[in-house]
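Listed below, chain by chain, are the residues.
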Amino acid sequence: MLGVDSTFDIQHSPMLRISRPHYDALRHHGEETYPHECCGVLLGRFDGDQRVVTSIARCGNTRDDSPHNRFNIDPRELIRIQREGRELGADIIGFYHSHPDHPAMWSATDLAEAHWLGCSYVITSVEKGKAVVTNSFGLNGSDEQAKQLITEKIAVE
Ligand SMILES: [Zn+2]
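Every chain begins its residue count from 1, and numbering advances along the sequence as written. A pLDDT threshold of at least 70 governs which residues receive local features in this predicted model, and a stricter bar of 80 or more applies before side-chain atom pairs are shown or counted, although totals over entire chains, interfaces and linings include all residues. The side-chain numbers reported here are obtained from all heavy atoms of the structure, hydrogens and water having been left aside.

Listed donor atoms are N, O and S within 2.8 Å of the metal (Na, K and Ca: 3.2 Å). As water is not included, a site may look incomplete. At this site the zinc ion is bound by His97 (NE2), His99 (NE2), Asp110 (OD) and Asp110 (OD), with donor distances of 2.0 to 2.5 Å. Bound by four donor atoms, the zinc ion shows angles of 56 to 156° at the metal and therefore irregular coordination geometry. Between consecutive donor residues of the zinc ion, the sequence gaps follow H-x1-H-x10-D. Of the two residues, His97 sits in strand β4 (residues 91-100) while Asp110 sits in helix α4 (residues 108-112), which places them 13 residues apart along the sequence. Overall, His97 belongs to the buried group, its relative accessible area being 4%. Key to geometry: four donors with every angle between 85 and 135 degrees are tetrahedral; four donors are square planar and six octahedral where opposite donors lie over 155 degrees apart and all remaining angles lie between 65 and 115; all other sites are irregular. In DSSP terms, a helix is any run of H or I states spanning at least four residues, a strand is any run of E spanning at least two, and both are numbered starting from the N terminus. Think of it in three bands: with a 1.4 Å probe and only protein chains considered, a residue is buried below 20% of the maximum accessible area for its type, exposed above 50%, and partly exposed in between.

Here it is, written out as structure tokens:
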């Protein structure tokens, strides 16, 4: 971090910036798929340590063996979303999923299956069909062995 000016630090601290409609939409998605997990992709741009969502893409959960506590995005679907995003000048900046009747904290599986360093992982707890808490975690670290999910602020704009 450069400089000691506190305003500088606030402006550049790791953060997910998202519009109210997109925030509501990803929370609502978890209510729709309850008691199964929902999942989707966040498209947008990187702005220093901040990730700015410009659109979201819903994905089908391909984990039909254990859809209440696992999710998986079809790689072909991910490639299609990435291509369509690039046509709009947007990158994949994160992913979201829901935790039916579990807290909005990442699990060991979530960390193990998170591979996009520098992206945001958003988790919404859905209790009895109602979205409750939404948290975001940045996947930090220089490589797969050193990766960590770090709590980051969500700025709903
Ligand atoms: Zn999870």
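There is more to say, and it comes next.
Time to look at the environment of Ile150. Tracing the chain through its elements places Ile150 in strand β7 (residues 148-156). When the C-alpha atoms of Ile150 and Gly89 are compared, they prove to be 27 Å apart, with 61 residues separating the residues in sequence. Residue contacts are defined here by distance: any two heavy atoms, one from each residue, within 4.5 Å place the two residues in contact. Aside from chain neighbours lying at most four places away, what touches Ile150 is Ser136, Phe137, Gly138 and Asn140.

Another aspect to go through is the environment of Asn140. Relative to the helices and strands, Asn140 resides in strand β6 (residues 130-140). Each C-alpha atom, one on Asn140 and one on Tyr121, is 11 Å from the other, the two residues being 19 residues apart in sequence. Here Asn140 is in contact with Leu117, Ala146, Lys147, Gln148 and Ile150, once residues within four sequence places are set aside.

Moving on, we get to the sheet that holds strand β3 (residues 50-59). Two modes of strand pairing occur in sheets, parallel and antiparallel, and in both the strands are linked by backbone hydrogen bonds. Spatial strand order, β1-β3-β2-β4-β5-β6-β7: seven strands in a closed barrel with mixed pairing. This sheet shows a mean twist of 35° between the axes of neighbouring strands, independent of strand direction. A pair of strands is considered paired only if DSSP assigns at least 2 bridges between the two. One ladder, built from six bridges, connects strand β2 (residues 39-47) with β4; its direction is antiparallel. Paired with Gly44 across the bridge in β4 is Asp91. Relative to the sheet, helix α2 (residues 20-33) contacts β1 (15-18), β2, β3, β4, β5 (120-127), β6 and β7, its axis offset from that of β3 by approximately 35°. Orientation is described by lines fitted to C-alpha atoms, with helices fitted over the stretch in contact, and by angles between N-to-C directions that extend from 0 to 180 degrees.

A separate point is the pattern of salt bridges. We define a salt bridge as a side-chain nitrogen of Lys or Arg found within 4 Å of a carboxyl oxygen belonging to Asp or Glu. Counting across every chain of the model gives 10 salt bridges. Put simply, Asp24 and Arg20 hold a salt bridge, and the shortest N to O gap is 3.5 Å. Here Asp24 pairs with Arg20, and both are found in helix α2, just four residues apart, close to one helical turn. By relative accessible area, Asp24 is classed as partly exposed at 35%. Given a relative accessible area of 44%, Arg20 falls into the partly exposed group. With a closest N to O distance of 3.0 Å, Asp74 and Arg76 form a salt bridge. On the accessibility criterion, Asp74 (19% relative accessible area) is buried.

Quick look at the packing of aromatic side chains now. For any pair of aromatic rings, the description rests on two quantities: the centre-to-centre distance and the angle between the ring planes. Any two rings among Phe, Tyr and Trp, with Trp reduced to its six-membered ring, count as a pair given centres within 6.5 Å; such a pair is stacked if its planes are under 30 degrees apart, edge-to-face if over 60, and tilted if neither. Within the structure shown, the criterion is met by two aromatic pairs. Relative to Trp116, the ring of Phe95 has its centre 5.4 Å away and its plane inclined at 70°; by these criteria the two rings are edge-to-face. Of this pair, Phe95 sits in strand β4 while Trp116 sits in the loop between α4 and β5, and the two are 21 residues apart along the sequence. Three or more aromatic residues link up through ring pairs in this structure, and these residues are Phe95, Trp116 and Tyr121.

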